[in-house]
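Tertiary structure, described
Spelled out from the first residue to the last, the chains are:
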Amino acid sequence: MNIQQLRQTRNFGIMAHIDAGKTTTAERILFYTGKKHKLGTVDDGTADMDWMEQERERGITITSAATSCQWKGRTLNLIDTPGHVDFTIEVERSMRILDGGVVVMCAVGGVEPQTETVWRQADRYNVPRIVFINKMDRIGADFYRALDSMRERLDAKPTPIQLPIGSEDAFEGYIDLIENRAYFWAHDADAHDAGAEAAPIPSEMREEAEAARMELAETAAVESEDDALIEAFLETEDLSPNDIRKGLRAATIRGGVFPVLCGAVLRNRGAQPLLDAVVEFLPSPLDVPPIEGVHPTTGDSLTRKPSDEEPTAALAFKIAADPNVEKVAFARVYSGQIRTGDLLLNPRANRRERVTRIVRVHANQRESTSTAQAGDIVMLIGPRQTATGDTLCDPKHPILLEAIQAPEPVMSIALEARADRDKEEMRRALHILLQEDPTLEAREDPETGQQILSGMGELHLEIVVDRLLREFKVEARASDPQVSYRETILTEAEAFGRFTQKTEDGTLFGEAHARVKPLPRGTGNRAEFDASDGSVSSALRSAALEGAANALSTGVLEGCPLQDVEARIDGATAQEPLSMAAAAAIAVENALRKASPALMEPVMRLQAVVPSEYLGRTLGDLSSRRVQILGVDTQGGLEIVRADAPLAEMKRYATTLRSLTQGRGSHTMEFHRYEIAPGR
C-alpha cells in the first residue's frame, strides 16, 4: 500500500454501552457507503454485523465483527464491538489494533457504565475518538446533559461540532458549527435516501450558535498547538472552516479533544455527517506513532513504521473457530506485506507459521486476496499455534509486540456430558472455545469428572453453553453459575516445614522456615529467599522459591486461588532440590494456616435504572443483598441507582428486577474488586 493509500485509510471501531445504537450505526454506515443495498435492523435480526444466531435472537452484539467500505475516496476498515460487559475482551482486543474510535452515546442515558469501561480501554491504548450522541428523537433526550456527563464521569473535553435543532419528536435538524449553517431533514426524512437540506440558522439559535462556534474555533487553535492557527485566532477571534478542521484534526489525533455530533440513526438521521467526521478527524495509519515492540531474545526496543518496505509485523488480535478449517486468525498488519504462502515467525511459540490463505471479511462473508499490506485488517488461514495477542513477523527481523491482557473470570459453572460418547467431543469443543476467548477458563474436577467452566458473567457462560449445543452438537448439562472466590491472609505468621521420604537409596530430607504476610490489594503474590543465607547453593534456592510459589498458588481454606501474599524462606537445608522444594512448600502452607486465612468474593459495580415509582422497592431489595448504595441520580423520570454489589447475592437479579418494576427496570454489572467475604 503506497503512502497515498495509507493516508486515505481509516481503521476505526464503534463502541458504546449496550443498546446505545452501535450496530444500527454500523448498518447505516454500510448502507450509505454502498456496501449493502438494503437496510438491516437489530430488532428484525437482519443486521449484517450481528451474524451469530445468538446475537440475532437476543438483539445484542456478542462478538466483534469487521468489515471494509469506501466513503468519498477513503477506505474505512470498521469493527463493530459488543456493549455488554460480559464480552469486554472483544472491545479490549479491538482497541489494541485500531487507530481511532467512534463512541456512540444515548442522548437519554448519557455516559453509562459500559461507556466508562470502553472509554478507559481507549485511553489505555491512546485511541483518538469522536462521539456520536444518538437517539436524539427519544423521549428524555438531552444533548447538553450528555455533554455534561462526559465532563463529569469521563473527565473528557467534549467539543461539539454540531448543535441539535430540537429534540425528542421535535428533533428536525442540526447546526454545522464548522460551516456555520443549519441543516434540516424533510418530513419524509425517515426514507432511506433522505438527506438534510442546508438553510439559515434559526433566529432563536443564532446567539447560541455564534458562541459555540467561537468556542470551537478557540479550541481548534489552542489544542492543535499550531502557532500559526493560534496567531490567526488571536487576530480575528475566528478561523476559516478549513483552519478549524485542520486544528481540530490535530487536537483529536493528539487526544486533547473529542468532536461531538448528534443524530438518530434508526430514523436515518446523522450517519452521513458522522462518516465525514470519521474521514476528517480520525487518524490514518500514518498519523499514529510507529508500533513498538522488543526483540524476542535480546529484549532491545524496536519499532515498525506503517510501510510496505519495512519488515513484516502483524498482531493476531482474535482467534475464531471455522467450520472448514481448525481455526482462523484476525490480524492487523502494522508493517511490511503478507502474501499467500509466506512463512512467518511466531516469537511467543518460537515456531514458524505458514499463511495458506488471506481473506478480507465483511461480518461472516469472505473475499480472498493474495496480499495484505501495512494498515490492513485481514483474516489469516493457516497458522495453527497462534493465539490471541501473538505477533507474526518476518523470521529474519523478529519483533515481539505488546500482548493483549484479558481480565480474570469471576463466575463458574459445571458442565457434564449427557452421554459418555459426548465427553471427548465436549473437551474438543471447549479447547476451540478457549482459543477463541481468553476470558474463558476450563479445568476438570478430578473428583466428579465435570468440566468447570469460568467466565465473565451469567450471559457469557449462557452463550458458551448455547454454542456447545448448536455449533458443536454437544449435549451437556450445566449447573447454576457459581461465584469464583479468592483467598488471602489477614495477618503475618511463620512456620516450620519438614519433608522426609524413604527411597531405595536412603531417605530424602529437607527442612525450611517460612514467613508469610499480606500485601496490598492488587499486588499479587511474591516468593523470596533470604539472601543473607550464603550456605545454600543457587540450585537449592531456586528449588525453595519454586516450592514457595507452588504453595502460594492455592489457598488453605477451600483451595481457591490465593492472592496478595508474600512468602519468605529465611532458613532451609536439604540434600537435593526435590527435598528443598517440598520442605519450602510445606513450611509456607503451615504458615498460611496460622495467618488468619480468609475468603475473598468478587464485588461488582452495579447500575440499576428504574422508574421513580419503583425506587423504594428496588432499594429495599438491594439492601437485603448486602449491597452498598453509592448514590441515586434522577434523569427524566428514571432513577439511576449506583452501588457496589457482592456477586454471590446477585444471581438471577435480572429476573427479580423485572418482577419488581413490571418489566421496566434494567441493570448492568461490571467487575470492580475482590474484598473479604463474610463468614459462611
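Just so it is clear, the model here is predicted, and its values are computed rather than measured.

Some words on the overall build of the protein
Regarding its fold elements, the protein presents 16 helices and 38 strands. Relative to the compact-globule value of 26 Å for 680 residues, the protein shows a C-alpha radius of gyration of 28 Å, a close match. Considering only C-alpha atoms, the protein reaches an extent of 95 × 65 × 60 Å along its principal axes. Here the protein holds 680 residues, and the buried ones make up 55% of them. Long-range pairs, those at least 24 residues apart, make up 70% of the contacts in the protein between residues at least 6 apart in sequence. With an accessible surface of roughly 29,700 Å², the protein has 46% of that area assigned to carbon and sulfur atoms. Each charge class in the protein can be summarised by its mean position, and for the 78 positive and 106 negative side chains these summaries are 4 Å apart.

Observations regarding the sheet that holds strand 11 (residues 258-262)
Taking strand neighbours across the sheet as the criterion, the seven strands line up as 2-3-1-4-5-11-6 in an open arrangement whose pairing is mixed. Two strands close off the open sheet at either side, each with one partner strand: strand 2 (65-71) and strand 6 (158-160). If you compare each strand with its neighbour and ignore which way they point, the axes differ by 30 degrees on average. Sheet topology places strand 4 (residues 100-106) next to strand 5 (residues 129-134); six bridges connect them, and they run parallel. Across the sheet, residue Gly101 finds its bridge partner in strand 5, namely Arg129.

Let's talk about the packing of aromatic side chains
Geometrically, a pair of aromatic rings is defined through the distance of the ring centres and the angle of the planes. This structure, assessed with the given rule, holds eight aromatic pairs. A centroid spacing of 6.4 Å and a plane angle of 55 degrees characterise the contact between Phe317 and Phe330, whose relative ring orientation is tilted. Of this pair, Phe317 sits in strand 14 (residues 313-321) while Phe330 sits in strand 15 (residues 327-335), placing them 13 residues apart in sequence. Its relative accessible area of 2% is what places Phe317 among the buried residues. The buried category is assigned to Phe330, whose relative accessible area is 13%. One aromatic cluster is present, formed by Phe171, Tyr174, Tyr183 and Trp185 through successive ring pairs.

Comments concerning the environment of Val131
Among the structural elements, Val131 can be located in strand 5. Linking Val131 and Leu147, residues 16 residues apart in sequence, is a C-alpha distance of 9.9 Å. Apart from the residues lying within four places of it in its own chain, the contact partners of Val131 are Val103, Met105, Trp119, Met150, Phe258, Pro259, Val260 and Leu261.

Structural notes on the nonpolar core
Within the largest apolar cluster, 103 residues are counted, with the highest numbers of intra-cluster contacts made by Val102, Val131, Ile133 and Ile175. A per-element tally of this core places helix 10 (residues 271-281) first, with seven residues. Each residue touching Val102, except ones within four places of it in the same chain, is listed here: Phe12, Gly13, Ile14, Met15, Ile130, Phe132, Leu274, Val278 and Leu282. Ranked by size, the runner-up nonpolar core spans 40 residues in total, among them Val410, Met411, Leu415 and Leu468.

Considering the pairing of strand 37 (residues 638-646)
Counting buried residues in strand 37 gives seven out of nine residues, a clear majority hidden from the surface. Bridge analysis of strand 36 (residues 628-635) against strand 37 gives seven bridges, and the strand direction is antiparallel. By the bridge assignment for strand 37, Gln628 is matched with Asp644.

Observations concerning the sheet that holds strand 34 (residues 565-574)
One open sheet holds the four strands; their spatial order is 31-32-34-33, and the pairing between them is mixed. Each edge of the open sheet is held by one strand with a lone partner, namely strand 31 (493-503) and strand 33 (526-529). For this sheet, the mean angle separating the axes of adjacent strands, direction not counted, is 25 degrees. Here strand 32 (residues 506-518) runs beside strand 34; their pairing, made up of nine bridges, is antiparallel. In the sheet register, Glu511 faces strand 34, and the bridge partner there is Thr573. Each of strand 33 and strand 34 is contacted by helix 13 (residues 538-551), which is oriented at about 150 degrees to strand 33, the strand it contacts most.

Comments concerning the side chain of Thr391
Its place among the elements puts Thr391 in strand 23 (residues 390-393). In this structure, Thr391 is in contact with Ala314, Leu315, Leu345, Asn346, Pro347, Ile399, Leu400 and Leu401, ignoring residues within four places of it in sequence.

Examining the packing of helix 7 (residues 206-224) against helix 9 (residues 241-254)
Taken N-terminus to C-terminus, the directions of helix 7 and helix 9 make an angle of 55 degrees; their axes are 8 Å apart at the nearest point. The orientation of helix 7 with respect to helix 9, classified from their angle, is oblique. Two packed elements cross with a definite hand, and for helix 7 against helix 9 that hand is left-handed. Residues Arg213, Leu216, Ala217, Ala220, Glu223 and Ser224 of helix 7 pack against Pro241, Ile244, Gly247, Leu248, Ala250, Ala251 and Arg254 of helix 9. A per-class count over the contact of helix 7 with helix 9 returns eight nonpolar, two polar and three charged.

Things to note about the side chain of Arg467
For Arg467, the location among the structural elements is in helix 12 (residues 458-470). Its relative accessible area of 13% is what places Arg467 among the buried residues. For Arg467, the side chain forms a polar contact with the side chain of Glu436, separated by 3.0 Å.

Describing helix 5 (residues 113-124)
Between the first and last C-alpha of helix 5 there are 17 Å, a value that for 12 residues agrees with the 16 Å anticipated at 1.5 Å per step. What helix 5 keeps buried is the set Pro113, Gln114, Thr115, Glu116, Thr117, Val118, Trp119, Gln121 and Ala122. Two residues or fewer past helix 5, Asn126 is found with a positive phi of approximately 55 degrees.

What about the environment of Gly247?
Secondary-structure assignment places Gly247 in helix 9. Assessed through its relative accessible area of 0%, Gly247 is described here as buried. Considering only alpha carbons, one finds Gly247 and Ile230, 17 residues apart in sequence, at a separation of 9.4 Å. Apart from the residues lying within four places of it in its own chain, the contact partners of Gly247 are Ala220, Ser224 and Leu229.

As for the pattern of salt bridges
Across all of its chains, the model carries 44 salt bridges by this definition. Between Asp99 and Arg332 there is a salt bridge, with the nearest N and O atoms lying 3.2 Å from each other. Linking Asp99 in the loop between helix 4 (88-97) and strand 4 with Arg332 in strand 15, this pair joins segments that are 233 residues apart in sequence. Residues Asp99 and Arg332 agree in their burial class; the two are buried. Between Arg498 and Glu511 there is a salt bridge whose closest N-O contact spans 3.1 Å. In this pair, Arg498 sits in strand 31 while Glu511 sits in strand 32, placing the two residues 13 residues apart along the sequence. Three or more residues are tied together by salt bridges with common partners; here these are Lys517, Arg526, Glu528, Glu566 and Arg568.

The rules we used
Residues numbered from 1 in each chain as written. Predicted model: local features only at pLDDT ≥ 70, side-chain atom pairs only at ≥ 80, totals over all residues. Heavy atoms only, no water. Helix = DSSP H or I, 4+ residues; strand = E, 2+ residues; numbered from the N terminus. Rg over C-alpha atoms; globule rule 2.2 N^0.38 Å. Buried < 20%, exposed > 50% of the residue type's maximum accessible area, 1.4 Å probe, protein only. Contact = heavy atoms within 4.5 Å. Areas by Shrake-Rupley, 256 points an atom, 1.4 Å probe, with all protein chains shown as cover. Lys, Arg positive; Asp, Glu negative; His and termini not counted. Charge placed at Lys NZ, Arg CZ, Asp CG, Glu CD. Pairing = 2+ DSSP bridges. Axes fitted to C-alpha atoms, helices over the stretch in contact; angles between N-to-C directions. Phe/Tyr/Trp six-rings, centres within 6.5 Å; stacked < 30°, edge-to-face > 60°. Core = buried A, V, L, I, M, F, W, Y, C linked by side-chain atoms within 4.5 Å. Parallel < 35°, antiparallel > 145°, perpendicular 65-115°, else oblique. Left-handed = near helix turned anticlockwise from the far one by under 90°. Nonpolar A, V, L, I, M, F, W, Y, C, P; charged D, E, K, R; others polar. Polar contact = N/O pair within 3.5 Å; in protein donor to acceptor, adjacent residues only side chain to side chain. Expected span 1.5 Å × (residues − 1). Salt bridge = Lys/Arg side-chain N within 4 Å of Asp/Glu carboxyl O.

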